[in-house]
Amino acid sequence: MKTIKIGSRYEIYDDNIETFDELPAKTYSIRFANMSGFFLEEHSDLGVREKVYGPHTQKAEKVLRSFSLMDRNLGVILSGDKGIGKSMFGRMLSEMAVASGYPVLIVDTYYPGISSYLDSIQQEVVVFFDEFDKTVAAIKGGDNAADAQANLLGLFDGLSMGKKLFVITCNDISRLSDYLVNRPGRLHYHFRF
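Per chain, the residues get numbers from 1 upward, laid out in the order the sequence is written. Predicted model: local features are reported for residues with pLDDT of at least 70 only, side-chain atom pairs are reported and counted for 80 or more only, and whole-chain, interface and lining totals are derived from all residues. Heavy atoms from the whole structure form the basis of all side-chain values; hydrogens and water molecules are not counted.

Draft legend 1. Region of interest: unusual backbone geometry. Phi angles above zero are rare outside glycine, and Glu131 is one such case at about 55°. Under the scheme used here, helices are H or I runs from DSSP no shorter than 4 residues and strands are E runs no shorter than 2 residues, and both carry numbers assigned from the N terminus. Inspection of the secondary structure puts Glu131 in the loop between β7 (125-129) and α4 (132-135). For the exposure calls, accessible area comes from a 1.4 Å probe over protein chains only, and a residue counts as buried if that area is under 20% of its type's maximum, exposed if over 50%, partly exposed in between. By relative accessible area, which is 32% here, Glu131 ends up partly exposed.

Draft legend 2. Summary view of the sheet that holds β7. Pairing is mixed across the open sheet formed by 7 strands, whose spatial order is β4-β3-β6-β7-β8-β5-β9. Of all the strands in the sheet, the pair left with one neighbour each is β4 (37-43) and β9 (189-192). Averaged over all adjacent pairs, the angle separating strand axes in this sheet is 25°, with direction ignored. Criterion used throughout: strands pair if DSSP finds at least two bridges between them. With 6 bridges connecting them, strand β5 (residues 74-79) and strand β8 (residues 164-170) associate as parallel partners. Bridging from a neighbouring strand, Ser79 pairs with Cys170 of β8. Contacts are residue-level and defined by heavy atoms, with any inter-residue pair within 4.5 Å sufficient. Under this scheme, a helix contributes an axis fitted over its contacting stretch, all axes are lines through C-alpha atoms, and angles between N-to-C directions fall in the 0 to 180 degree range. Across the sheet, helix α1 (residues 56-69) lies against β5, β7, β8 and β9, angled at about 170° from β9, the strand it touches most.

Draft legend 3. Representation of the packing of α1 against helix α2 (residues 86-99) within the structure. Taken N-terminus to C-terminus, the directions of α1 and α2 make an angle of 50°; their axes are 10 Å apart at the nearest point. With respect to α2, the axis of α1 lies oblique. Two packed elements cross with a definite hand, and for α1 against α2 that hand is right-handed. The segment α1 lies against α2, with His56, Thr57, Lys59, Ala60, Glu61, Val63 and Leu64 engaging Met88, Phe89, Met92, Leu93, Met96 and Ala97. Partitioning the contact of α1 with α2 into residue classes produces 9 nonpolar, 2 polar and 2 charged. By definition in this entry, angles of less than 35 degrees are roughly parallel, angles greater than 145 are roughly antiparallel, angles of 65 to 115 are roughly perpendicular, and the rest are oblique. Here a crossing is called left-handed whenever its near helix is offset anticlockwise from the far helix by less than a right angle, and right-handed whenever the offset is clockwise. All residues other than Ala, Val, Leu, Ile, Met, Phe, Trp, Tyr, Cys, Pro, Asp, Glu, Lys and Arg, Gly among them, are scored as polar; the first ten of these are nonpolar and the last four charged.

Draft legend 4. Broad picture of the side chain of Ser115. Checked against the element boundaries, Ser115 lands in helix α3 (residues 114-119). Polar contact criterion, stated in full: a pair of N or O atoms within 3.5 Å, where within protein one must be able to donate a hydrogen and the other to accept it, and residues adjacent in sequence count only if both atoms are side-chain atoms. A distance of 3.3 Å separates the side chain of Ser115 from the backbone oxygen of Asn151, its partner in a polar contact. Setting aside its immediate chain neighbours within four residues, Ser115 contacts Asn151, Leu152 and Leu155.

Draft legend 5. Broad picture of the layout of surface pockets. Within this model, the largest pocket holds a volume of roughly 480 Å³. Within this scheme a cavity is a closed region of a 1 Å grid, computed over the protein atoms alone, that accommodates a 1.4 Å probe without allowing it to escape, whereas a pocket is open but has protein on both sides within 12 Å along at least five of seven lines; lining residues each have an atom within 4 Å of a point. Forming the walls of the largest pocket are Ile4, Ile6, Tyr13, Ile17, Glu18, Thr19, Phe20, Asp21, Glu22, Leu23, Pro24 and Gln123. Here the residues of the lining of the largest pocket are counted per class, giving 7 nonpolar, 2 polar and 3 charged. Grid points are joined across faces, edges and corners, and a volume is the space filled by probe spheres set on the points.

Draft legend 6. Structural context of α1. The span you would expect from a helix comes to 1.5 Å times its residue count less one. The end-to-end C-alpha separation of α1 is 20 Å, in line with the 20 Å expected for 14 residues at 1.5 Å each. Turning to α1, its buried residues number three or more, namely His56, Ala60, Val63, Leu64, Ser66 and Phe67. For α1, the angular spread of buried residues about the axis comes to 160°, placing them on one side. To obtain the arc, one takes the directions from the helix axis to the C-beta atoms.

Now the structure itself:
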């Protein structure tokens, strides 16, 4: 039996529990459970098994090099039609990131409060929003509530606690907020496929 104290609360776990000072360099999906909140679920590492044509490898290396040199968040938009290589580039970049020691967090579902959760991660990580225009941009706020994209703006601005590399893929760039597109302080690179 292991007992863990979190603030003033004690939780009991079996002997299989492991603790880490930082997230290991692996790929994770962000999940949410109503009773326990946010958690990370191990995901198989992303990789590219098909033949890659063009300068994608050099572009991915450039993004990772830029991220390592910056002292703030860095963002990348990968936009273009379906089936043209955006997700493949994102997988390639993720594979290189894990090999360089960065954990990769996949956001494939929008959950209210995810911005605060991501902000609480205080180590250098890659946050991969695949199909952002479907998972985030499509969610509009209700009465007197900001939409999902607006809730993420502060996170992209670099006001968060840790340094993060944000990778966003989208098919329809027009569905992204004007406050994200053409704002190099938020999203530094935009690769059109």
